[in-house]
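Summary of the model geometry
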There are 4 protein chains.
Amino acid sequence: MLKQKRIRDFGIVIGALPTGEKNAITDVEGVRVGHATLKKGDVHTGVTAVIPHDGNTFREKLIAAVHVINGFGKSAGLIQVDELGTLETPILLTNTFGVGTSINRLIQYMLDRNADIGDQTGTVNPVVFECNDSYLNDIRGMHVSGKEIDSAIENASSDFPEGAVGAGTGMSCYKLKGGIGSASRLIKIDEKNYTIGILVLTNMGKLEDLTVAGRKAGAEIAAKQAEGEPSSDKGSLIMIIATDIPMTSRQLKRMAKRAEVGVARTGNDIATGSGEIVLAFSTAQRIMHYEKRGIIDIQMLDEECMDIIFPAVAECSEEAVLNSMITADRTVGRSGHVRESLADYL
Amino acid sequence: MLKQKRIRDFGIVIGALPTGEKNAITDVEGVRVGHATLKKGDVHTGVTAVIPHDGNTFREKLIAAVHVINGFGKSAGLIQVDELGTLETPILLTNTFGVGTSINRLIQYMLDRNADIGDQTGTVNPVVFECNDSYLNDIRGMHVSGKEIDSAIENASSDFPEGAVGAGTGMSCYKLKGGIGSASRLIKIDEKNYTIGILVLTNMGKLEDLTVAGRKAGAEIAAKQAEGEPSSDKGSLIMIIATDIPMTSRQLKRMAKRAEVGVARTGNDIATGSGEIVLAFSTAQRIMHYEKRGIIDIQMLDEECMDIIFPAVAECSEEAVLNSMITADRTVGRSGHVRESLADYL
Amino acid sequence: MLKQKRIRDFGIVIGALPTGEKNAITDVEGVRVGHATLKKGDVHTGVTAVIPHDGNTFREKLIAAVHVINGFGKSAGLIQVDELGTLETPILLTNTFGVGTSINRLIQYMLDRNADIGDQTGTVNPVVFECNDSYLNDIRGMHVSGKEIDSAIENASSDFPEGAVGAGTGMSCYKLKGGIGSASRLIKIDEKNYTIGILVLTNMGKLEDLTVAGRKAGAEIAAKQAEGEPSSDKGSLIMIIATDIPMTSRQLKRMAKRAEVGVARTGNDIATGSGEIVLAFSTAQRIMHYEKRGIIDIQMLDEECMDIIFPAVAECSEEAVLNSMITADRTVGRSGHVRESLADYL
Amino acid sequence: MLKQKRIRDFGIVIGALPTGEKNAITDVEGVRVGHATLKKGDVHTGVTAVIPHDGNTFREKLIAAVHVINGFGKSAGLIQVDELGTLETPILLTNTFGVGTSINRLIQYMLDRNADIGDQTGTVNPVVFECNDSYLNDIRGMHVSGKEIDSAIENASSDFPEGAVGAGTGMSCYKLKGGIGSASRLIKIDEKNYTIGILVLTNMGKLEDLTVAGRKAGAEIAAKQAEGEPSSDKGSLIMIIATDIPMTSRQLKRMAKRAEVGVARTGNDIATGSGEIVLAFSTAQRIMHYEKRGIIDIQMLDEECMDIIFPAVAECSEEAVLNSMITADRTVGRSGHVRESLADYL
C-alpha cells in the first residue's frame, strides 16, 4: 500500500470501479517504479524510472503504443514505438534538458546487459519522457547525471512515493505543486481479473481551472491567494499506462487516447505549450528479439470489450493527476519561486 | 437570439468567456444553418446543413481541418480536407445510412452551380457527417432523400432551432434525447473581437455518466427512472467549429483537438463504437480555385495566442452538448423506443 | 490463368520473386474480382468489386489497414478501417461521382444479408474507392447505378479481365489508357507458401514520366505522338493488397506503405491532385462480429519477416501498373477524347 | 561548386530540371553544412550540421515539417516540429548512439546564445537525426563528443564535401560505401526563380537492388564481388530538404513525402529496420519567438503549384543518394569490415 495521504484519504473518490491493492501502476504485476531526487538550492529536479517487466526488455519486448495529445515536447523514442508497436527498454521520466543524458545512460544500461546490441544485432530504442520544471528548478544547469538515472532504475520497487519526488521534484500542476501520481482499476473480462494502472508526471494547467471531482477548487484557492507573479504556462503532462490485458498496439493506442478524458475533468484545456503524451504497454505477452518462428501466436482483446477498459482509463488518469498534487509538499525552488500544496487547501 | 429554452436559461453557465449574440455557430459572420426533419411513425431522422459562407464555396474555399477523435464512423470527405486543408462545399449532417444520398445530392448541388467541375476542372469533395439514429429511427429504411437535403440547404439561416430537429431528430445523448446544439464565445486578439462558434450533433454516452457543470446529473436521473431495456451504445458525436480568426489548417486542427475537452466534462468516455469527429474552418480568408498567383498572401495566428482560443473551444463544446439535450423534446420513435428530455429532469 | 496479353508476354519481367498461378490478386485464396462496364457514347465508366472472402464479411471481418499516400480523394470508409483495423464489406471501385450510389447499394447489399444491422446491432462501414475518369467519361452525368454495382459483385470470379474494364473503363494512366491491373508474388515463411496479390486502378501520371522496367518509354512515346491538347492531371491511383499471411493491422499498414515504391519506379511523382490510396487485408483469420470471448487468439508475423514481404509488394505494384496499361485498349471517349494503348507502342 | 567527382561527372543525369549552381542544399540562400569526422581504428563516425539560416534560429524560427517514411529510428525533436510546424535549432546528423550527446550539446549551444531559454521563456527543441553505422564503426563505444558537434557547427559553409565524411563517415548504402549526398533544382513560380535543395545521409539498401538511372547496377556489381559475409540490414536514410519557396508546414509535409519517390528509383524497398525520415524547411519567412502581433502575415504556395515542386524533389532525392555513394571512398572499418566505393564499379 502506498503510504502518503492520497486523494481518497480526503474523502474524494473518482469513479465507481474497484482499485488495485495499491491503487497504483505497480498493481500490474512485474511493473516497478523508482525515483532519484535532486533537491538543493536552485536545483529541484530528478528522474523516475518505470520498469515494465523483470526480464531483459530488449530480448523480450512488450507490445506498446504512443498517443501524442499535444506535441510540444522533447520526449525520445516515440516514433519507433509507433512504428513497431513494441517497448524494449525501461521508461525514464525527467526534466526537458535531462533527455540527452537519460538517452545516453539508458543506452549504456542496455549495452551493459546486451553484448549483441550495435554489434551482432541492431541498436536499441531508449524511451525517455520529459516536462519542463524551470519554474522551480535551474533547468539551464542541466543537473541530471547518469548517477540519478542509475539510482532511479536500481531503486525501482512496487512501492514508491508520489508527489515532489523523482522527475516530479520540480514540477507544477495548476500552479500548485505537482509531480508524480498514480492510480489503478480492476476490471473483469471472461470472468478473469485484469488490472489497468497509470503513472503521471504532472506539470500543466492554470490554477483557476483546477476542478476536483466536479468542484471548482482552483477558483476557490485563487481567491484565497495573494496576487502572484504571472508565470509562463509552459507545462506538460506525461502519462504511462500499464495493463496485463492482452492487446495489440492499435488497441493500446485507442486506450491511450482515453487518458485525456480524465485529465480534462481536472480542468486542463491542453495549453499550446503543454506537451501531453501517453505511452501504454501490455505485460500480457512478450515479443522475442530473436524469434525463431515467422508466424507467432498472440492474443488481443475483442474490440467490443474496449468499452470495459475506457472508463477505467479515464478514472485512473483523473485520480492520478489529483494524487500527484495532493501528495506533493509545498516547495520553495529556484530564485525563491514557490508552489503551494493542494493538501493545504482541501 | 435563438428562441428555445437553453442550458443558460436553467441557470447553468459554462465557463467565464462572453458568448456571441446568439451563443451559436452563426455568430461567425456568414455561417448559416438549416434543417430538414422527417418525423412520422418509425421514421425519426433528417438533415442539417452548415453553409460556411454565402459565396461559391468551390471557387472560394475556406481553410479547414479535421480531427478524428474516434474513427468508428462513415463520414465522407475527410481525407481530402486533411490533405489540402480546405473546405469547398456546404457541410451536411445526417444519419449513417443517409451519407450516400447526401454525397450524391451535394455533388449535384455543386454541379448545378459550377459547370466546370468534372469537365474543365477536377471533381469536388462533398463533406458529409453522420451519426447512427437507429434507436429511434428506422435507419434500415434509408428514408433521407434529395428533397430533405435541398430543403436543409435552402432553409439555412443565422437563426435555427436546436434539439430534436434536422439530423438531430432521432439522436440520443446519454440515453436521453440528444440532437443539435450550438454555442459561441468571443475573444480578443490585437484589440480586435473574434468569434468561435460550434455546432454539435450528439448521439453518445451512458446515462449514469452525464455530468452537468460538475454535477453527476446522470446518476440522479438514472435513480429516478424505471429499469430500462439495455440499449446498444453505438453512438457518435460530430462537432463543427467555425471561426473568423485567420488560421492555417495546422492551427485549426490543434483547435479542433480541444473540443474533446469540453465533451469529456459532460461525462463522455468516447466509447469504442462512438464515431467522434471534429471539423474546423475559418471564414477569415478564401483560397481561390482559380488562383492566378503562384505565391499567395495569407494570415495566421501567432502560436502563443492559441492559448486564448483553446478555453473558448472547450467552453463551447461543453455548452453545445448540454444545449443539444436541454432543447430536445421527449421523443417516441421506432418500435415505441423512448428518449426522455433532460429538460424534464433539471 | 488470366487471358489477356500482359506485360510479361512482352518479355518484361519485374523483379525476381515467383508469381502466383494467375499472377493476380485472386491467387490469394477466396478473393474474387468482378466488373461491370458502361461504354456507350460519352459514357465510359464502370464498377469493380473485390470480394475479400466467400463468407458473410459483416459477421466474419478481416484484419485490414489503409495507407493514404496522397489524400486528394473521395474514397469512403477509410477512417473506420484505420480505427478498428477490420474490413466488413466487399470493396467497390468506381468513378469519383459514383461513390454515393456505391455506398447506398453496398449498404443495401449488406442489409439484405444481415437483418441485424441497424436494428439489433450497429451499422456497417461500406468501403468504396474512386478515381476521376472525366477525361474519357461524362462524369457529370453520374451514370453508375445500383445495377452495375450488383452486377460487379455477382460476376466476381477468380478469373477476371484487366485494362479498360469495370472501374477502369474510363481511366487514363501516363496519358495513355489505364484501368485495372493485377499481379501476385509467392513467398515462404517457416517453410510454408504464402501469397501476396494486388489489384490496382490506375489513373495518374504524365506521359513523359512513364518508365517501363527502367526504360524511359514515356519520353520515347511522346516523341512519336502528335502534340496533344494539354489535359488536366487530376488522376488518382487505388491499390488493393490481399494476402494470406497472418498480420495485425499495424503490419498491414506497413506493408501497404511499400506499394508506393513500385509505382514510383513506373515514373509517377504523386501529383497534388492524384488521390493515391492503399488498402491491405489479410484472409488468414476472421474477426467475429458476435465474439463470445473477451480475449481472442490471433497470429501475426514476426516483424523481421516484413523484409520478406516488402520486396514482393514493390514488385506487385510495379507490375500491376504496367499490366493495367498493356491490357487496356485504345479508347475514344467523351467529346472524342482519345487515350492510346501502351500495347501499341511497346 | 562542390569539388568531388559526382554522379553527373560520370555522365549520369537524373531528370530534366536545371540544378542550382552547386547542385547542393546550400544553393538555398543562407543554408550551410559542416562536418566533423572521426576516423581511427575501429572508429568511423562523425557529425554533420545543417545550419538553416545565419540568424538566431530560436528567436527567428523557420516553418518546417517532418515526414516519417519508416519509424525504425531514434531521431529527436520530431513531434514538436510536427505540432508547431517550426524549426528552431540547427539540425544535427550523427550515429544512433550519438543522439543523446548531440541533444545535450545542441541545448548548450542554444543556451549560450539565448539567456532567456529555460528562464524567462520556455525550453528549446533540439533536432537530431541518426543512422546506425555499426558495420564500420564501433558504435558501442559512443565516440561522438561535444567537440565534434561544436566543430561541425563551426565549420558550416556553403561549400562542403560529400561521401564518407561527417555523419556519413561510417555509413553503408546498398552494401557499398554511403554517407552524405546532396543535390538541388531550380524552378520558376510567378516568373521568379526558386531553389529546392536536399541533403541525404544514406545507410540503407541491399546491393542487388541498386539501380542507377534505370540500370540494375547492383546486380552487376554483386556478380563481380566475392561472396561476402551476410550483414544485417539495419540501415536508415535521413533526408533534409531546404527551399526558399514560401510554404505552410502542411505543404512542406506534402513536399517531404515526395522524397521517397526518388529514393525508390535507386532500388530501395524501405526495409523494416531502416529508419527513413524527411525534414523539410522553408527559409522564405521567419516566425518570431517574441511576436508582438496576434495575427501575422505569411505567404504560401498556391496548391496547384505543388506539381512544379514534386518532380524537383524526386529528382533531388534520387541524385543525392547516388552522389552520397559515388563520392564515398572505399572504407575499411571496425573489425576489418569493408565497404567498396560505387566509383570503383561505374
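Bear in mind the structure is a predicted one, so any value in this text is a computation, not a measurement. Per chain, the residues get numbers from 1 upward, laid out in the order the sequence is written. Lettering for chains starts from A, numbering for ligands starts from 1, and both go in the order in which the items are written. Only residues with pLDDT of at least 70 get local features here, since the model is predicted, and only at 80 or more are side-chain atom pairs given and counted; chain-wide, interface and lining totals rely on the full set of residues. Side-chain descriptors were evaluated using all non-hydrogen atoms of the structure, hydrogens and water having been removed beforehand.

Observations concerning the nonpolar core
For our purposes a nonpolar core is just a set of buried Ala, Val, Leu, Ile, Met, Phe, Trp, Tyr and Cys residues, chained together by side-chain atoms within 4.5 Å. Here's how the labels work: a residue is buried when its accessible area is under 20% of the maximum for its type, exposed when over 50%, partly exposed in between, all with a 1.4 Å probe on protein chains only. With 232 residues, the main nonpolar core has Ile309(A), Ile309(B) and Ile309(C) as its most contacted residues. The contact criterion used throughout is that any non-hydrogen atoms of two residues lie within 4.5 Å. Sequence-distant contacts of Ile309(C), that is, excluding residues within four places in its chain, are made with Ile187(C), Ile196(C), Ile245(C), Met247(C), Met255(C) and Leu301(C).

Observations concerning the state of the cysteines
The disulfide criterion used throughout: a pair of cysteine sulfur atoms within 2.5 Å. A complete count under the given rule lists zero disulfides over all chains for this structure. The structure places no disulfide on Cys305(B), whose sulfur is separated from the nearest cysteine sulfur, that of Cys316(B), by 18 Å. On the basis of relative accessible area, Cys305(B) is assigned to the buried category, the value being 12%. Not engaged in a disulfide, the cysteine Cys131(D) finds its nearest cysteine sulfur in Cys173(D); these two sulfurs lie 9.6 Å apart. Since its relative accessible area comes to 0%, Cys131(D) is described here as buried.

With respect to the pairing of strand β2 (residues 43-51) of chain C
Residue and element names in this part refer to chain C. Counting from the N terminus, the helices are the DSSP runs of H or I reaching at least four residues and the strands are the DSSP runs of E reaching at least two. Across the nine residues of β2, nine count as buried, placing the element largely inside the fold. Neither face of β2 is exposed, since Val43, Thr45, Val47, Ala49 and Ile51 on one face and His44, Gly46, Thr48 and Val50 on the opposite face are all buried. Where strand β1 (residues 32-40) lies against β2, nine bridges are found, and the strand directions are antiparallel. Each bridged residue has a counterpart across the sheet, and for Lys40 the counterpart in β2 is Val43. Whether two strands pair depends on DSSP finding at least two bridges between them. Linkage of β1 to β2, two consecutive antiparallel strands, is achieved through a turn of two residues, within which Gly41 is found at a positive phi near 60°.

Examining the relation of the copies chain B and chain C
Only residues with pLDDT of at least 70 in both copies contribute their C-alpha atoms to the least-squares superposition of the copies. Superposing chain B onto chain C takes a rotation of 180° combined with a translation of 0.0 Å along the rotation axis, leaving an RMSD of 0.0 Å. In symmetry terms, the pair is related by a two-fold rotation axis. Within chain B, the C-alpha atom positioned nearest to the axis of rotation is that of Gly100(B), 1.9 Å from it. Interface overlap between copies: 100% of the residues of chain B at the interface are likewise at the interface in chain C, consistent with a symmetric, same-surface contact.

Topic: the pattern of salt bridges
We define a salt bridge as a contact between a side-chain nitrogen of Lys or Arg and a carboxyl oxygen of Asp or Glu at a distance within 4 Å. All chains considered together, the criterion is met by 80 salt bridges over all chains. The residue Arg265(C) makes a salt bridge to Asp269(D) at a minimum N-O spacing of 3.1 Å. Of this pair, Arg265(C) sits in the loop between α6 (259-264) and β12 (275-288) while Asp269(D) sits in the loop between α6 (259-264) and β12 (275-288), each in a different chain. A residue is classified by how much of its surface remains accessible, and Arg265(C), at 16% relative accessible area, is buried. Among the ionic pairs, Arg185(D) bridges to Glu319(D), the shortest N-O distance being 2.6 Å. Of this pair, Arg185(D) sits in strand β9 (residues 180-189) while Glu319(D) sits in helix α7 (residues 306-326), and the two are 134 residues apart along the sequence.

Here's the deal with the interface of chain B and chain C
The interface is formed by 41 residues belonging to chain B together with 41 residues belonging to chain C. For the pair chain B and chain C, the number of links is two salt bridges. Between Arg334(B) and Asp119(C) there is a salt bridge whose closest N-O contact spans 2.9 Å. Identification of polar contacts relies on pairs of N or O atoms within 3.5 Å, with a donor-acceptor requirement for protein atoms, meaning one able to donate a hydrogen and the other able to accept it, and with residues adjacent in sequence counted only if both atoms are side-chain atoms. Where chain B touches chain C, the interface holds 22 residue pairs in polar contact (both at pLDDT 80 or more). Where the side of chain B that touches chain C is concerned, the elements lending two or more residues are β3 (60-70), α1 (78-84) and α2 (99-113) of chain B. For the side of chain B that touches chain C, the element with the highest residue contribution is α2(B), accounting for eight residues. Residue composition of the side of chain B that touches chain C, grouped by class: 17 nonpolar, 17 polar and seven charged. Residues are sorted three ways: Asp, Glu, Lys and Arg are charged, Ala, Val, Leu, Ile, Met, Phe, Trp, Tyr, Cys and Pro are nonpolar, and all the rest, Gly among them, are polar.

Some points on unusual backbone geometry
In this structure, Asp190(A) is a non-glycine residue whose phi angle is positive, near 50°. Relative to the helices and strands, Asp190(A) resides in the loop between β9 (180-189) and β10 (192-203). Positive phi is not limited to glycine here, since Ile270(D) has a value of about 60°. Locating Ile270(D) in the fold gives a position in the loop between α6 and β12.

Here's the deal with helix α4 (residues 217-224) of chain C
Residues and elements named next belong to chain C. Along α4, the residues that are buried comprise Ala217, Gly218 and Ile221. Projected down its long axis, α4 carries its buried residues within an arc of 95°, all on one side. As for α4, its buried residues are in contact with β8 (176-177). Directions are taken from the helix axis to each C-beta atom, and the arc is the one they span.

Here we look at the sheet that holds β10(A)
Residues and elements named next belong to chain A. Taken together, the six strands give an open sheet; going across it, the order is β4-β3-β12-β11-β10-β9, and neighbouring strands pair in mixed fashion. On the outer flanks of this sheet lie β4 (86-87) and β9, each paired with one strand and no other. The sheet contacts of helix α5 (residues 249-257) involve β3 (60-70), β10, β11 (236-243) and β12 (275-288), and relative to β3 the element is tilted by about 40°. Between N-to-C directions, angles span 0 to 180 degrees; the directions come from axes that are lines fitted to C-alpha atoms, helices contributing only their stretch in contact.

Observations concerning the interface of chain A and chain D
Taken together, the contacts link 41 residues of chain A with 41 residues of chain D. Accessible surface is computed with a 1.4 Å probe, and the buried area is the amount of it that two parts give up when combined, taken over both parts together. Buried surface at the junction of chain A and chain D, both sides included, amounts to about 3500 Å², of which 57% is carbon and sulfur. Viewed at the interface, chain D and chain A are joined by 22 residue pairs in polar contact (both at pLDDT 80 or more). When contributions to the side of chain A that touches chain D are tallied by element, the ones reaching two or more residues are β3, α1 (78-84) and α2 (99-113) of chain A. Looking at which element gives the most residues to the side of chain A that touches chain D, the answer is α2(A), with eight residues. Counted by class, the side of chain A that touches chain D contains 17 nonpolar, 17 polar and seven charged residues.

With respect to the packing of aromatic side chains
For Phe, Tyr and Trp, rings pair up if their centres lie within 6.5 Å, where Trp contributes its six-membered ring, and each pair is then called stacked (planes under 30 degrees apart), edge-to-face (over 60) or tilted (otherwise). Counting across every chain of the model gives zero aromatic pairs over all chains. Our definition puts a charge over a ring when NZ of Lys or CZ of Arg is within 6 Å of the ring centre and also within 35 degrees of the ring normal. Positioned above the aromatic ring of Phe10(A), the side-chain terminus of Lys5(A) is 4.5 Å from the ring centre. Lying over the aromatic face of Phe310(C), Arg258(C) brings its terminal NZ or CZ to 3.8 Å of the ring centre.

Thoughts on the packing of α2(A) against helix α2 (residues 99-113) of chain D
Each packed pair of helices is defined by two parameters, the angle between the axes and the distance between the axes. Contact geometry of α2(A) with α2(D) gives a least axis separation of 7 Å together with a crossing angle of 160°. Relative to α2(D), the element α2(A) is oriented roughly antiparallel. The two elements α2(A) and α2(D) meet at a crossing, and its hand is left-handed. For the pair formed by α2(A) and α2(D), the contact residues are Val99(A), Gly100(A), Thr101(A), Ile103(A) and Asn104(A) on the first element and Val99(D), Gly100(D), Thr101(D), Ile103(D) and Asn104(D) on the second. Roughly parallel covers angles under 35 degrees, roughly antiparallel covers those over 145, roughly perpendicular covers 65 to 115, and oblique covers all other angles. Each crossing is labelled by how the near helix is turned from the far one, with a counterclockwise turn of less than a right angle marking it left-handed and a clockwise turn marking it right-handed.

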